[in-house]
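What follows is the residue order along each chain.
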Amino acid sequence: MDYLCFRTFCCKGPPPPRPEYDVVCIGLTGSGKTSLLSRLCSEATDNIVPTTGFSIKAVPFQNAILNVKELGGADSIKKYWSRYYQGSQGVVFVLDSASSEEDLEVARTELHSALQHPQLCTLPFLILANHQDKPAARSVQEIKKYFELEPLARGKSWILEGSTVDNMDVVKETFGQLIHLLEEKDQDAGRI
């Protein structure tokens, strides 16, 4: 008994385990999914190639770990995205805010599809308007309007933020907001 009392007051035990959340990351090829995730994991981004199939990264944050399943964005892979949605607790959608009108329209269609998919429609969404450092980049407000996010995502938990691999502080902060939404959803599920 004295040992337990001593241990409680004098010794720090192992820190409590951080919650883990399974998140799916989607977006067109070239949107910057792999670069952003690699930077979040402090990995080199010198030789990044488009993801074929999928990759999984455990992205550590101070208050949680995100197990991110990144799905390749090529046309030949997009048609299989829905097969990887099961078990996801959140969604990260990365778009190239400096892309052509045609690619932006494809990204819009894919985001609308994801927001309405039965396995994703109730999950928190983080939408990153990436490549904000490029001259042709559209602002977050332009993206919000073009993608018709207000009416489409009404009643859903979502975040839209600009991003660039050169400003990872903003990206980390935005992922922190996603973790907060995931925690809230977790708590709501526990109340049922």
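Source: prediction; values computed, not measured.

Caption draft 1: The sheet that holds strand 2 (residues 54-60), seen in detail. The six strands lie next to each other as 2-3-1-4-5-6, forming an open sheet whose pairing is mixed. Either end of the sheet is taken by a strand with one partner, and the two such strands are strand 2 and strand 6 (158-162). Averaged over neighbouring strand pairs, the angle between their axes works out to 20 degrees when direction is ignored. Pairing analysis gives five bridges linking strand 5 (residues 125-130) to strand 6, with the strands arranged parallel. In the strand pairing of strand 6, L126 is matched with I159. In the packing of helix 2 (residues 33-40) onto the sheet, the strands contacted are strand 1 (20-26), strand 2, strand 3 (65-71), strand 4 (90-96) and strand 5, and the crossing angle to strand 3 comes to about 155 degrees. Packed on one face of the sheet, helix 4 (residues 101-116) meets strand 1, strand 4 and strand 5 and runs near 170 degrees to strand 4.

Caption draft 2: Summary view of the layout of surface pockets. Estimates place the volume of the largest pocket at around 210 Å³. Around the largest pocket sit 16 residues that line it, and G30, G32, K33, T34 and I48 are the ones nearest its centre. The element that contributes the greatest number of residues to the lining of the largest pocket is helix 2, accounting for three residues. For the lining of the largest pocket, a count of residues per class yields four nonpolar, 10 polar and two charged. Here the second largest pocket defines a volume of roughly 160 Å³. Lining the second largest pocket, in full, are C121, T122, L123, P124, G155, K156, S157, L181, E184, K185 and D188. Here the residues of the lining of the second largest pocket are counted per class, giving four nonpolar, three polar and four charged.

Reading the values: the criteria
- Residues numbered from 1 in each chain as written.
- Predicted model: local features only at pLDDT ≥ 70, side-chain atom pairs only at ≥ 80, totals over all residues.
- Heavy atoms only, no water.
- Pairing = 2+ DSSP bridges.
- Helix = DSSP H or I, 4+ residues; strand = E, 2+ residues; numbered from the N terminus.
- Axes fitted to C-alpha atoms, helices over the stretch in contact; angles between N-to-C directions.
- Contact = heavy atoms within 4.5 Å.
- 1 Å grid on protein atoms, 1.4 Å probe; cavity = no way out; pocket = protein on both sides within 12 Å on 5 of 7 lines; lining within 4 Å.
- Points joined across faces, edges and corners; volume = space filled by probe spheres on them.
- Nonpolar A, V, L, I, M, F, W, Y, C, P; charged D, E, K, R; others polar.

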